[in-house]
Amino acid sequence: DTGVSQDPRHKITKRGQNVTFRCDPISEHNRLYWYRQTLGQGPEFLTYFQNEAQLEKSRLLSDRFSAERPKGSFSTLEIQRTEQGDSAMYLCASSLWTGTGELFFGEGSRLTVL
Amino acid sequence: RKEVEQDPGPFNVPEGATVAFNCTYSNSASQSFFWYRQDCRKEPKLLMSVYSSGNEDGRFTAQLNRASQYISLLIRDSKLSDSATYLCAVKDYGQNFVFGPGTRLSVLP
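Cut-offs used in this document
- Sequence order as written defines residue numbering, which begins from 1 separately in each chain.
- Whichever chain is written first is A, and whichever ligand is written first is 1; the rest continue in order.
- In keeping with the predicted nature of the model, local features appear solely for residues at pLDDT of at least 70, side-chain atom pairs appear and are counted solely at 80 or more, and the whole-chain, interface and lining totals rest on all residues.
- In computing side-chain properties, one takes all heavy atoms of the structure into account and sets aside hydrogens as well as water.
- Strands are runs of DSSP state E lasting at least two residues, helices are runs of H or I lasting at least four, and both sets are numbered from the N terminus onward.
- Both definitions apply: the radius of gyration is a C-alpha atom measure, and the globule rule equals 2.2 Å times residues to the power 0.38.
- Burial classification: accessible surface area is computed with a 1.4 Å probe over protein chains only, and a residue below 20% of its type maximum counts as buried, one above 50% as exposed, and the rest as partly exposed.
- Any two residues whose heavy atoms approach within 4.5 Å are treated as being in contact.
- Here the Shrake-Rupley method, with its probe set to 1.4 Å, supplies the accessible areas, and only the displayed protein chains count as covering residues.
- The sign given to each residue is positive for Lys and Arg and negative for Asp and Glu; His and the chain ends receive no count.
- Just so you know, the charge point we use is NZ for Lys, CZ for Arg, CG for Asp and CD for Glu.
- Each pair of aromatic rings taken from Phe, Tyr and Trp, with Trp reduced to its six-membered ring, is defined by centres within 6.5 Å and is described as stacked if the planes are under 30 degrees apart, edge-to-face if over 60, and tilted in the remaining cases.
- Once two parts are joined, some of their accessible surface, as seen by a 1.4 Å probe, is lost; buried area is that loss totalled over both.
- Here, a salt bridge means any Lys or Arg side-chain nitrogen found within 4 Å of an Asp or Glu carboxyl oxygen.
- Residues adjacent in sequence count toward polar contacts only when both atoms are side-chain atoms; beyond that, a polar contact is any pair of N or O atoms within 3.5 Å, and within protein one must be able to donate a hydrogen and the other to accept it.
- Amino acids outside the nonpolar list (Ala, Val, Leu, Ile, Met, Phe, Trp, Tyr, Cys, Pro) and the charged list (Asp, Glu, Lys, Arg) are all regarded as polar, and Gly is one of them.
- Should DSSP find at least two bridges between two strands, the strands are regarded as paired.

Asks: Sorry if this is basic, but what is going on with the overall build of chain B here?
Replies: When helices and strands are tallied, chain B shows zero helices and eleven strands. Reading chain B from its N end, one meets helices and strands in the order β-β-β-β-β-β-β-β-β-β-β. Computed over the C-alpha atoms, the radius of gyration of chain B is 13 Å, within 12% of the 13 Å expected from 2.2 N^0.38 for a compact globule of 109 residues. With respect to the principal axes defined by its C-alpha atoms, chain B has extents near 40 × 30 × 20 Å. Expressed as a percentage of its 109 residues, the buried residues of chain B come to 50%. Long-range contacts, defined as pairs at least 24 residues apart, comprise 56% of the intrachain contacts of chain B with a sequence gap of at least 6. For chain B, the accessible surface area stands at approximately 5200 Å², while carbon and sulfur atoms represent 48% of it. Taken together, the 12 basic and 11 acidic charged side chains of chain B have centroids lying 3 Å from each other.

Asks: In this structure, what is going on with the packing of aromatic side chains? I would like to understand it.
Replies: The relative placement of two aromatic rings is captured by the distance of their centres and the angle of their planes. This structure, assessed with the given rule, holds 17 aromatic pairs over all chains. A centroid spacing of 6.3 Å and a plane angle of 25° characterise the contact between Tyr33 of chain A and Tyr35 of chain A, whose relative ring orientation is stacked. The interplanar angle of 70° and the centroid separation of 5.9 Å between the aromatic rings of Tyr35 of chain A and Phe45 of chain A together place this pair among those described as edge-to-face. Linking Tyr35 of chain A in strand S4 (residues 31-37) with Phe45 of chain A in strand S5 (residues 44-50), this pair joins segments that are ten residues apart in sequence. Note on accessibility: Tyr35 of chain A and Phe45 of chain A belong to one class, buried. Cluster of aromatic residues (ring-pair linked, three or more members): Tyr33, Tyr35, Phe45, Tyr48 and Phe105 of chain A together with Phe34, Tyr36, Phe97 and Phe99 of chain B.

Asks: For this particular structure, what's the right way to read the interface of chain A and chain B?
Replies: By a widespread convention, an interface's size corresponds to the accessible area lost as its parts come together. Contacts between the two partners involve 21 residues from chain A and, on the opposite side, 19 residues from chain B. Summing the contributions of chain A and of chain B, the shared interface buries around 1700 Å²; its carbon and sulfur component is 50%. At the boundary of chain A and chain B, one finds zero salt bridges. Counting across the interface, chain A meets chain B through four residue pairs in polar contact (both at pLDDT 80 or more). Secondary-structure elements contributing two or more residues to the side of chain A that touches chain B are S4 and S5 of chain A. Sort the elements by how many residues they give to the side of chain A that touches chain B and S4 of chain A lands first, with four residues. Among the residues forming the side of chain A that touches chain B, the class breakdown is eight nonpolar, eight polar and five charged.

Asks: Looking at this structure, I do not really get the pairing of strand S6 (residues 53-57) of chain A. What am I missing?
Replies: The side chains of a regular strand alternate, first on one face of the sheet and then on the other. All names here are of chain A. Both S5 and S6 contribute to a ladder of four bridges, which runs antiparallel. By the bridge assignment for S6, Thr47 is matched with Lys57. Linking S5 back to S6 in an antiparallel pair, the connection comprises two residues, with Asn51 at a positive phi of about 55°.

Asks: Sorry if this is basic, but what is going on with the pairing of strand S5 (residues 45-50) of chain B here?
Replies: Residue and element names in this part refer to chain B. One ladder, built from five bridges, connects strand S4 (residues 32-38) with S5; its direction is antiparallel. Considered in S5, the bridge of Tyr36 is made with Leu46. Turn length for the S4-S5 hairpin, with the two strands adjacent in sequence and antiparallel, is six residues, and the turn residue Arg41 shows positive phi of about 60°.

Asks: I'm lost on the side chain of Ser30 of chain B in this one. Help?
Replies: All names here are of chain B. Within the secondary structure, Ser30 is located in the loop between strand S3 (19-25) and S4. Its relative accessible area of 2% is what places Ser30 among the buried residues. Among the polar contacts listed, one links the side chain of Ser30 to the backbone oxygen of Asn27, at a separation of 2.7 Å.

Asks: Would you mind showing me how to read the side chain of Thr61 of chain B here?
Replies: Residue and element names in this part refer to chain B. In this fold, Thr61 is placed in strand S7 (residues 60-65). Owing to a relative accessible area of 11%, Thr61 belongs among the buried residues under this scheme. Polar contacts involving the side chain of Thr61 include one to the side chain of Arg76, which spans 2.8 Å. The residues contacting Thr61, other than those within four sequence positions of it, are Asn55, Glu56, Ser72, Leu73, Leu74 and Arg76.

Structure, rendered in structure tokens:
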């Protein structure tokens, strides 16, 4: 499978714990995006990378959230001191920087904070 | 005002019907436009890009009106399998994709 892959697919955690999600983009894609989606809403932008550089972060992204893409390939999204409001689907997407650069999404990592 | 807004839905239509969705965007500098389809509890999947001259892919037609800052999606001869949420996405100069809240479509037998 050469699509975007995310791990884990599901994560249940207690409030206050830290969680980390991993995303492996399509290999030739140099742009990688993280989105968050809650029920009945569209995906909400969190951050994106071009290669290893984090080029934009949403103002909605609190200090508890951090994302990395150290070698310009896979990326991690860490949420520290989780809160119940962090419960959502975390979607990773990748794209090429050329052309219209459509996004291709992974299947997502569903987080439930108890 | 949200950056990208869509018809609230849901749309419940019989098989074979024609249905149209609208999407408006607030950033006049937006560069690229897309329609995505999302099935329940699945990831969004690209349905089609929207070009300035409008474009068609089988039963699906997308239109862009830059002056009025809206995008439309027309689905002809609806199939049961078209039931999904349709998301409008707009890309700005900063390469950020902004999604609308989606419009849910149910095609009924």
